Amino acid sequence: MSRGIVLSGEHALFSAAAGLAPADVTVRWTASMGVRRPSGISCTVPARPTSAATPGNTALVHAEAAYRLAVRAAADHACARAAARIVGAEVASTSRRVRALRRHWIPRPQEALAHVDLALEQSEHEDSVRRRWAAQVLKGMERPTERDGPSEDRSARR
């Protein structure tokens, strides 16, 4: 471009650009794992119309071809960079959420579960003590004591 301007001046650049249509870039979007991001582009750089003035020197012709390629490459790069930025932001946001869950939300139910387990264990221990006590009381009621006198079986034998 600079060679073309040096050879023919800026007016040659403006006259070569007159009548040219702008490039048309269409971005295709997709969603992966809940993240909407650009997936590709469709870039159309219109050809020079026959009614448009031809460039004043060959340096401008080569510059025009190079800029066509540059526009396509820039559109591809912008699409890839935007996708990387969007996905990167989502990864950072997700890692913040996971860290918050691990540090704040998950320990709360774990502590509550530990308290409930302890209370359940204590209740089970109390129940087993009561059962043993009740069994001892029942066993004591079934045994005849020496104060009651001879048992019925002994008196029947005599």
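Just above sits the structure.
The structure reproduced in this document is the subject of the present report.

Rules of the game
Residues numbered from 1 in each chain as written. Predicted model: local features only at pLDDT ≥ 70, side-chain atom pairs only at ≥ 80, totals over all residues. Heavy atoms only, no water. Helix = DSSP H or I, 4+ residues; strand = E, 2+ residues; numbered from the N terminus. Expected span 1.5 Å × (residues − 1). Buried < 20%, exposed > 50% of the residue type's maximum accessible area, 1.4 Å probe, protein only. Contact = heavy atoms within 4.5 Å. Salt bridge = Lys/Arg side-chain N within 4 Å of Asp/Glu carboxyl O. Phe/Tyr/Trp six-rings, centres within 6.5 Å; stacked < 30°, edge-to-face > 60°. Lys NZ or Arg CZ within 6 Å of the ring centre and 35° of its normal.

## Describing helix α3 (residues 58-105)
- For α3, with 48 residues, the first-to-last C-alpha span of 68 Å sits near the 70 Å given by 1.5 Å per residue.
- Listed in full, the buried residues belonging to α3 are A59, L60, A63, E64, R68, A75, C79, A82, A83 and S93.

## Focus: the side chain of R68
- Residue placement: R68 occurs in helix α3.
- When its relative accessible area of 18% is taken as the criterion, R68 is described as buried.
- Those residues in contact with R68, other than ones at most four positions away along the chain, are V45, P46, A47 and R48.

## Here we look at the pattern of salt bridges
- Going through the model one piece at a time under the given rule, you end up with five salt bridges.
- Across the pair R48 and E64 runs a salt bridge, and its minimum N-O distance is 3.0 Å. You can see R48 sitting in the loop between β2 (35-44) and α3 and its partner E64 sitting in helix α3, a full 16 residues away along the chain.
- Among the ionic contacts, a cluster of salt bridges with common partners joins R48, E64 and R68.

## Some words on the packing of aromatic side chains
- Scanning the entire structure with this criterion turns up zero aromatic pairs.
- The ring of W105 is capped by R108, whose NZ or CZ atom sits 4.6 Å from the centre of that ring.

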